[in-house]
Amino acid sequence: MTVWLVVSLVAVATIAFKAAGPVLLGGRSLPIGVRGVVVLLAPVLLAALVVTQTVGGDGRLVLDARLAGVGAGAAAIAARAPLPVVVIAAAAATALVRVVT
Amino acid sequence: MSSEAASYRDGIRAVLAIAATVSFFGASFGLLARSSGLGIIAPLVMSATTFAGSAQFAVVSILGTSGGAAAAVAAAVLLNARYVPISISVASLFHGPRLRRLAEAQLIVDESWAISSRGGGRFDRRLLVGAGLVLYVAWVGGGEALGDPRDLGLDGAFPALFLALLVPQLAGARERAAALLGGAIALALTPFTPAGTPIVAAAVACLLGLSRSGRPKRNS
């Protein structure tokens, strides 16, 4: 019973979060001042995702094999490798370092 | 135009690579949920309605370690609050009746959003919806887990993907400054706040976008 309550509440919250932009702001153009802010959302949130997915734990920094994965990914990006190659290189390096350490 | 088409093709290939990874995580979510005593149906319904990996893992592990329902919901809400700024960034792609916008918006996940990003605040609607659908099927379908996704290093693949999609967006000085500030805020808060909070707080860095909009443009 508790499980279903949690499942429902989390679903409703998440659906509302995801719909916030498209439902409230969809299909209309934003004022210029707001646009300047919204345009920066992609680089800012991507940077935050890179950080939290690399060293994030729950309430603490975790330095582990993911660092090696991001390093390998960065090298592949610098070598102008296509996206799938970057992803595979990162996974391979992460797995390798995890086996070795 | 040809480079646009090439990056579109690259995006499709990336979606397939990411979908394989996501299905692996989807399967391991099912496995973890079952071993936490949540059965099969509830996790499946959760994947279909919530469709956000990190929050689902958080809920299952909190319930599985005898944490309370309130703690599980709170963790998931904090983790998924990032979808407010994320969905605002792509709001202009959605048209039509409200109900349709609400339904299509559910295809927004970190990966579909990131892959559809084209820089300069532009997003590719086809990639967002297409990737969202493929990832939805991969996540809910899941299949049988062949082991721990961490053993295959798949948890290291996501930050590299986001990095690859971030780099082309750093052409302008303002973008670089905002990304740096956002990353720094996330890093500074990670040791002190529950997961999810650092990303939402980092969105404040977008306010750098206000700095020039009030003044006449200068070429310097």
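So, a few notes on the structure that sits alongside this text. Everything quoted here is computed from the prediction, not taken from an experiment.

Secondary structure summary: chain B contains 12 helices and 2 strands in total. Listed N to C, the secondary structure of chain B is α-α-α-α-α-α-α-β-β-α-α-α-α-α in terms of helices and strands. Taken over C-alpha atoms, the radius of gyration comes to 19 Å for chain B, in line with the 17 Å a tight globule of 220 residues would show. By principal-axis analysis of the C-alpha atoms, chain B measures approximately 60 × 40 × 40 Å. Of all intrachain contacts in chain B linking residues separated by at least 6 positions in sequence, the fraction that spans at least 24 positions is 68%. Accessible area for chain B stands at about 9,900 Å²; split by element, carbon and sulfur atoms hold 67% of it. If the 18 positive side-chain charges of chain B are averaged to one point and the 11 negative ones to another, these points end up 14 Å apart.

Note: interface size is frequently given as the accessible area lost on complex formation between the parts. The partner chain B presents 91 residues to the 66 residues of chain A that form the contact. Counting the surface chain A buries against chain B, the share from its top three residues, Phe17(A), Lys18(A) and Leu83(A), is 11%. Our enumeration of links across chain A and chain B arrives at 1 salt bridge. For Arg98(A), the salt bridge goes to Asp155(B), with nearest N and O atoms at 2.8 Å. Put simply, chain A and chain B have 13 residue pairs in polar contact (both at pLDDT 80 or more) between them. Taken together, the elements giving at least two residues each to the side of chain A that touches chain B come down to α1 (2-25), α2 (32-38), α3 (41-55), α4 (66-78) and α5 (83-100) of chain A. For the side of chain A that touches chain B, the leading source of residues is α1(A), giving 19 residues. The class makeup of the residues in the side of chain A that touches chain B is 43 nonpolar, 16 polar and 7 charged.

This part takes up the pattern of salt bridges. Note that side chains of opposite charge can pair when their charged atoms are close. Residues and elements named next belong to chain B. For the coordinates displayed, the defined rule picks out 7 salt bridges over all chains. Close ionic contact of Asp-110 with Arg-82 constitutes a salt bridge, the shortest N to O distance being 2.9 Å. One end of the pair, Asp-110, is in helix α7 (residues 110-116); the other, Arg-82, is in the loop between α4 (69-80) and α5 (83-89), with 28 residues separating them in the sequence. In this structure Asp-110 comes out as buried when scored by relative accessible area, which is 5%. With a relative accessible area of 4%, Arg-82 lands in the buried category. A salt bridge links Asp-155 to Arg-150; its shortest N-O distance comes to 3.5 Å. Here Asp-155 falls in the buried class, since its relative accessible area comes to 12%. Look at Arg-150 and you get partly exposed, because its relative accessible area is 38%.

On to a nonpolar patch on the surface. Together, Trp4(A), Ile40(B) and Ile41(B) make up an exposed nonpolar region whose accessible area comes to about 320 Å². Judged by relative accessible area, Trp4(A) falls into the partly exposed class, the value being 37%.

Turning next to helix α8 (residues 125-141) of chain B. All names here are of chain B. If you check α8, its first and last C-alpha atoms are 24 Å apart, about what 17 residues at 1.5 Å a residue would give, namely 24 Å. Those residues of α8 not exposed but buried are Leu-127, Leu-128, Val-129, Ala-131, Gly-132, Leu-135, Ala-138 and Trp-139. Downstream of α8 by one or two residues, Gly-142 has phi in the positive range, about 60 degrees.

Here we come to the nonpolar core. Among the nonpolar cores identified, the biggest contains 90 residues, and Ile108(B) and Trp113(B) are the most heavily contacted of them. Broken down by element, this core gets its largest block of residues, 11 residues, from α3(A). For Ile108(B), the residues in contact, after removing those within four places along its chain, are Lys18(A), Pro22(A), Tyr83(B), Ile86(B), Ser87(B), Val90(B), Phe94(B), Trp113(B) and Leu128(B).

About the criteria used
- Residues numbered from 1 in each chain as written.
- Chains lettered and ligands numbered in written order.
- Predicted model: local features only at pLDDT ≥ 70, side-chain atom pairs only at ≥ 80, totals over all residues.
- Heavy atoms only, no water.
- Helix = DSSP H or I, 4+ residues; strand = E, 2+ residues; numbered from the N terminus.
- Rg over C-alpha atoms; globule rule 2.2 N^0.38 Å.
- Contact = heavy atoms within 4.5 Å.
- Areas by Shrake-Rupley, 256 points an atom, 1.4 Å probe, with all protein chains shown as cover.
- Lys, Arg positive; Asp, Glu negative; His and termini not counted.
- Charge placed at Lys NZ, Arg CZ, Asp CG, Glu CD.
- Buried area = accessible area lost by both parts, 1.4 Å probe.
- Salt bridge = Lys/Arg side-chain N within 4 Å of Asp/Glu carboxyl O.
- Polar contact = N/O pair within 3.5 Å; in protein donor to acceptor, adjacent residues only side chain to side chain.
- Nonpolar A, V, L, I, M, F, W, Y, C, P; charged D, E, K, R; others polar.
- Buried < 20%, exposed > 50% of the residue type's maximum accessible area, 1.4 Å probe, protein only.
- Patch = residues over 30% accessible without salt bridge, like charges linked within 9 Å, V, L, I, M, F, W, Y side chains within 5 Å.
- Expected span 1.5 Å × (residues − 1).
- Core = buried A, V, L, I, M, F, W, Y, C linked by side-chain atoms within 4.5 Å.

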